[in-house]
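Structural features, examined
Listed here are the chains, written in short residue letters.
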Amino acid sequence: MRSGGAARLQVRRRLGVRGWIYAGRYGIDRYLYVLQRVSGLGLVLYLLLHIYETGARLRGEAAWTATMALFRHPVFVFLEFVVFAGFIYHALNGVRLMVAELGWLLGAPARPVYPYGSSLSRHRPWVYALMLLGGVLLALAATDIFALPG
Amino acid sequence: MGESRWWLISLAAAALMVVLLTIHMGLMHLTGLLRATGVDLGDVRSFAEVTARGRSVTQLVFYLLLLAAALYHGLYGLRSVLLEVTPPRGQGLISGLVLLAGLVAFAYGAYVTVRTFTG
């Protein structure tokens, strides 16, 4: 007979992509996880385009200057900010996940039973601290990208 | 090599990227803020600056490391997501395609970096 956990995993798999955003009782952590995936996929796409775009330098100064001029268009400036936001979120949340995964700074593992003391008292402050830091970094990035001359 | 070993490499690549990518993003995209704090790097995206920087050994090593780490971590993550929505029979093909994309992208990125270095 299948255990309850295995059965629930099976249900999530059957949901396919929709299963990613089915938070159930996981709450905020589940949405952070979805955002980690979405930002990661966006960054991979950007990385591949960025590798291709940097090759413009091999086609000479005119090709490079034209490419850089294109990136000064407001649409690309906004996309640069989106990439920055994705990077800041993905990196900070990734550090949090690594710390949690490797068991650093979180104390001894405890059973995940109600009222989830370990999750709320040890993990959750990390979420708030890193998101606060993320907000500050994002504000600084926005100031540079939209307000200051590059 | 077992799957857990690939995953650990992805974790190590992520840790390396946090450092390298933060430096890259700061120096290439936050020049206005740096200038406001008294560090003027000039027009870092001009052709003259890009080619001049590209001739340094530090830059060569830095970008080859960043390229390898970013492609490995990014494409390992992409593969993990794709495998979740792929039936077991197609998973080998997905892994092969992602590996191929990674090798092609690394070869092109490394070629651009090395060609800039050698002038």
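Only a predicted model underlies this, so the values are computations on that prediction, with no experimental measurement involved.

Before going further, it helps to examine a nonpolar patch on the surface. Residues and elements named next belong to chain A. Together, Leu70, Val75, Phe76, Phe78, Leu79, Val82 and Phe146 line one region of the surface with nonpolar side chains, adding up to about 630 Å² of accessible area. The leading source of residues in the nonpolar patch is helix α4 (residues 74-102), at five residues. Phe76 sits in the partly exposed class, given a relative accessible area of 30%.

Residues and elements named next belong to chain A. Counted by the stated rule, this structure contains six aromatic pairs over all chains. Between the aromatic rings of Phe81 and Phe146, the centroid separation amounts to 5.2 Å while the plane-to-plane angle is 55°, which identifies the pairing as tilted. Residue Phe81 is located in helix α4, and its partner Phe146 is located in helix α5 (residues 117-147); the two are separated by 65 residues in the primary sequence. By relative accessible area, Phe81 is classed as buried at 16%. A relative accessible area of 48% means that Phe146 is categorised as partly exposed. Residues Phe84 and Phe87 carry aromatic rings whose centres are separated by 6.4 Å and whose planes lie at 85° to one another, so their mutual orientation is edge-to-face. Here the residue Phe84 and the residue Phe87 both occupy positions in helix α4, the gap between them amounting to three residues, near one helical turn. By the burial criterion, Phe84 is buried, and Phe87 matches it.

With that settled, consider the confidence of the model for chain A. Across chain A, pLDDT averages 83, with 79% of residues at or above 70. When pLDDT is averaged over each element of chain A, helix α3 (residues 61-70) of chain A comes out on top at 93 and helix α1 (residues 4-14) of chain A at the bottom at 60.

Rules behind the numbers
- Residues numbered from 1 in each chain as written.
- Chains lettered and ligands numbered in written order.
- Predicted model: local features only at pLDDT ≥ 70, side-chain atom pairs only at ≥ 80, totals over all residues.
- Heavy atoms only, no water.
- Patch = residues over 30% accessible without salt bridge, like charges linked within 9 Å, V, L, I, M, F, W, Y side chains within 5 Å.
- Areas by Shrake-Rupley, 256 points an atom, 1.4 Å probe, with all protein chains shown as cover.
- Salt bridge = Lys/Arg side-chain N within 4 Å of Asp/Glu carboxyl O.
- Helix = DSSP H or I, 4+ residues; strand = E, 2+ residues; numbered from the N terminus.
- Buried < 20%, exposed > 50% of the residue type's maximum accessible area, 1.4 Å probe, protein only.
- Phe/Tyr/Trp six-rings, centres within 6.5 Å; stacked < 30°, edge-to-face > 60°.
- pLDDT = per-residue confidence, 0-100.

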